[in-house]
Amino acid sequence: MSSSRTRPAARRTARVLGLASAGLGVAMLRDPKGVARVSGVDDSATALSVIPLVGARELLHALPLLAGRPGWAWTRVAGDAVDLTAMGVALSHRGGERGRRLRTATAAVAGLAALDLLTAARSRRAGSRSAARELLPSSAPWKSAIDVSAAATVNRPPQEVHARWHDFSRLPEFMAHVREVRPAGIGRWHWVAEAPGRRTVEWVAEVVEESPGERIRWRSLPGADVENAGVVEFRPAPGDQGTEVRVRLAYAQPGGKAGKAVAKLFGEAPDQQVRDDLARFKQILETGQVVRSEGTPEGPLARRMAKQQPAVPRS
Amino acid sequence: MRATQWMGKNHVEVNEVPDPRLLNDRDAIVKVTSTAICGSDLHLYDGFIPTMKKGDILGHEFMGEVVEVGRGVSNLRVGDRVVVPFPIACGACNACERGLFSVCENSNPNAGMAEKLWGHSPCGIFGYSHLVGGYPGGQAEYARVPFADVGPFKVEDDLTDEQVLFLTDIFPTGYMGAEMCDISPGDVVAVWGAGPVGLFAVASAKMLGAERVVAIDRFGYRLDKAREAGATDVLNYEEVDVLDALNELTAGRGPDGCIDAVGLEATHPTTAVDAYDRAKTAVMAETERPHALREAIMACRSGGTVSVIGVYGGLMDKFPVGSLMNRSLTVRTGQAHVHRYLKPLYEKIRDGEIDPTFLISHTLPLDRAPEGYRMFRDKEDDCTKVVLKP
Ligand SMILES: NC(=O)c1ccc[n+]([C@@H]2O[C@H](COP(=O)([O-])OP(=O)(O)OC[C@H]3O[C@@H](n4cnc5c(N)ncnc54)[C@H](O)[C@@H]3O)[C@@H](O)[C@H]2O)c1
Ligand SMILES: [Zn+2]
Ligand SMILES: [Zn+2]
């Protein structure tokens, strides 16, 4: 089973590509002669009939891209490759000013193609990311898992960074969706996390491994609302730059409604949420505070990014 | 308080808004006495920088009097007179420790947004979109200054606001632009753009010992200012072919250092070329009009340095990477690391080595900010730099 969900970054790039496609497409349909002139192929009758077709193609894949479906970037890559080949053929026959203009157009298409490739490749990778889920307890049946990971370099020594994480009861100070973590016996912690719709989910987790200055591993005990596990690793950063912190979390996702609820818990951007948690962790250790702006008063927060407040003081 | 708000493309208003409050222990509140409009503000005004929200308070060049300090700020007192660097920097991360304040790793709470567009995030900046933090700016009566124990620089000598205001941004920016050229005796430095940033780059290149400094712009009155700032030669790019002229001037070598002080809204004298990038930016197929940068690369002497202080936002077309690679060019860039230049440049002003007031063309009350924006953008009334008084 996989945790395949499209990365929001890929989705956003997809939209930009969609806009570019739409723009180019409209231009090609409305003014093929103009496009031919700018591209340096205005001496060819075939070009004039091909350009509106290419324009239609651009518009065709503009639509799914605008809807944020990056997989469709692959159709663009194919399209760009066709353009490049067509232009390559044209190039070998042309010189002078026309050739110069054509070379310019080829360079522009090549640029777009590179971006298309990048988006398509990222949408692929999102589906096959490595899992941290060997940590998950196998007690409950689960269909798939959400794996999230993040890394940051914190400009403090490993012992100090470890000590700050080790204090589980203070995790809510930088973990945005965790409301409370309280002791529940030796090496055990009771977690309360926020879920959508003002609900909370709870679980007790046990620390399964702790090596000071190196690593902490924990996982939920049977009876958890959501089965989950986590590892955080601390390594000295090269060149006296503090500590490399790497976090991996896995949340079991049962089938049906419960599964949907787990997915919702993380909203649109599970990776971003963990990165934000880690950013806040870094800020606390390096600067003693969570950094706030009037646009983002809570400090780094994935769901706030889409819903920024204007940069104006609140009364 | 009164504050200059971005209300949409080409639309700013001065309105009544709530006074700022401390949000963190290391904050201070500054009562603004002078603030300026920057070429960077024009990129927001003209709608080139994404993630602006209606109502955002503008302005990143400001100074004034400390009226409130958080518990964590021990080096400032109420009543201190300070200039505030435009990059917000924590002073404690790896970047800050290496003096790279404008890429502070902690000061942008919206780093996630910037990472999507740029891979990694730079610092937070006052009044400069949500991509770099969503911080209200200083074209207002009051401003909250985060990490007030790191940024603000105390002015204790008897100098006017006008003399020290540009330490907030454009003097350090121009200076860094020149410094990045590693100028050695005999060097020729060319500066694209004779706006406030370009003018300080010209003056700084001169200070750092350039043999000749060439200023390039299309406005005669700005080129005159460039001569005042120390340019030995000026080129009007609407009248001469810049590449030919620079080759003539340097006997075919090309300038050793080429400074782009124009940024993403450059114009091009050839209508077709200008139209190409205007069309591509209009349909979002690129985000820049990088004429000056392309030209700076083509012009630069083989083995020379291209120093980019003009601002760019996203993706450009037709980047002459072949010229860059095959001719051993070095590209250096950055939002200015203002903090590290405050003291040395302040001393140059205090000791009379430079008088930064020469570029102020207009001083207006804050309420007339909308007019200031329009004049500065349209280069009306020989406008070079607008200072606003709240
Ligand atoms: N790196 C930094 O830290 C930093 C700080 C402040 C400003 N900036 C940037 O510096 C740039 C200049 O700022 P400014 O305040 O001087 O703005 P400005 O708009 O007043 O100046 C730009 C000048 O460039 C000229 N110009 C346009 N196209 C040109 C071309 N093709 N060749 C030569 N000149 C051309 C314009 O006529 C104008 O005089 C902006 O992009 C701004 O955002 C960067
Ligand atoms: Zn500025
Ligand atoms: Zn920092």
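That block above? That's the structure.
Calculation notes
Residues numbered from 1 in each chain as written. Chains lettered and ligands numbered in written order. Predicted model: local features only at pLDDT ≥ 70, side-chain atom pairs only at ≥ 80, totals over all residues. Heavy atoms only, no water. Helix = DSSP H or I, 4+ residues; strand = E, 2+ residues; numbered from the N terminus. Rg over C-alpha atoms; globule rule 2.2 N^0.38 Å. Buried < 20%, exposed > 50% of the residue type's maximum accessible area, 1.4 Å probe, protein only. Contact = heavy atoms within 4.5 Å. Areas by Shrake-Rupley, 256 points an atom, 1.4 Å probe, with all protein chains shown as cover. Lys, Arg positive; Asp, Glu negative; His and termini not counted. Charge placed at Lys NZ, Arg CZ, Asp CG, Glu CD. Donors = N, O, S within 2.8 Å, 3.2 Å for Na, K, Ca; no water. Near = heavy atom within 4 Å. Polar contact = N/O pair within 3.5 Å; in protein donor to acceptor, adjacent residues only side chain to side chain. Nonpolar A, V, L, I, M, F, W, Y, C, P; charged D, E, K, R; others polar. Domains from an automatic or database assignment. Tetrahedral: all angles 85-135°; square planar, octahedral: opposite > 155°, others 65-115°.

Right, let's talk about the overall build of chain B for a bit. Each helix and strand counted, chain B has 13 helices and 17 strands in total. Against the globule reference of 21 Å for 390 residues, chain B gives a C-alpha radius of gyration of 20 Å, in line with a compact fold. The proportion of buried residues among the 390 residues of chain B is 61%. For chain B, long-range pairs separated by at least 24 residues make up 72% of all intrachain contacts whose partners lie at least 6 apart in sequence. Carbon and sulfur atoms make up 48% of the accessible area of chain B, which totals about 13900 Å². Measuring between centres, the 39 positive side-chain charges of chain B sit 3 Å from its 55 negative side-chain charges.

With that out of the way, let us pick up the coordination of the zinc ion (ligand 2). Those donors, B:C38 (SG), B:H60 (NE2), B:E61 (OE) and B:D169 (OD), are the protein atoms that reach the zinc ion (ligand 2), and they lie 1.8 to 2.5 Å from it. Accessibility expressed as a relative area gives 2% for B:H60, which makes it buried.

All right, on to the site of ligand 1 then. All names here are of chain B. Around ligand 1 lies a shell of 32 residues, among which S40, H43, D217, R222 and A336 are the nearest. At 2.9 Å from an oxygen atom of ligand 1 is found a main-chain nitrogen or oxygen belonging to G39. Backbone polar atom of V197 to an oxygen atom of ligand 1: 3.1 Å apart, as the coordinates give it. Within the complex, the protein chains bury 96% of what would otherwise be the 860 Å² of accessible surface of ligand 1. For the shell around ligand 1, the elements supplying multiple residues, two or more each, are α1 (39–45), α6 (196–207) and β11 (212–217). Residue classes in the shell around ligand 1 are distributed as 16 nonpolar, 11 polar and five charged. Both of domain 1 (2–168 + 336–389) and domain 2 (171–333) provide at least three residues apiece to the shell around ligand 1.

Below, the discussion takes up the side chain of A:Q308. Tracing the sequence through the fold places A:Q308 in the segment after α9 (302–306). Apart from residues no more than four positions distant in its own chain, A:Q308 is found in contact with A:G295, A:T296, B:K53, B:N110, B:M113, B:H130 and B:G134.

Turning to the coordination of the zinc ion (ligand 3), a few remarks are in order. Residue and element names in this part refer to chain B. Within the first shell, the zinc ion (ligand 3) binds the protein through C90 (SG), C93 (SG), C96 (SG) and C104 (SG), at distances of 2.3 to 2.4 Å. Taken together, the four donor atoms coordinating the zinc ion (ligand 3) and their angles of 101 to 118° define a geometry best described as tetrahedral. All donors of the zinc ion (ligand 3) belong to a single chain; written as a sequence motif, their spacing is C-x2-C-x2-C-x7-C. Classification of C93 by relative accessible area gives buried; the value is 0%.

So yeah, pure geometry; function would need other evidence.
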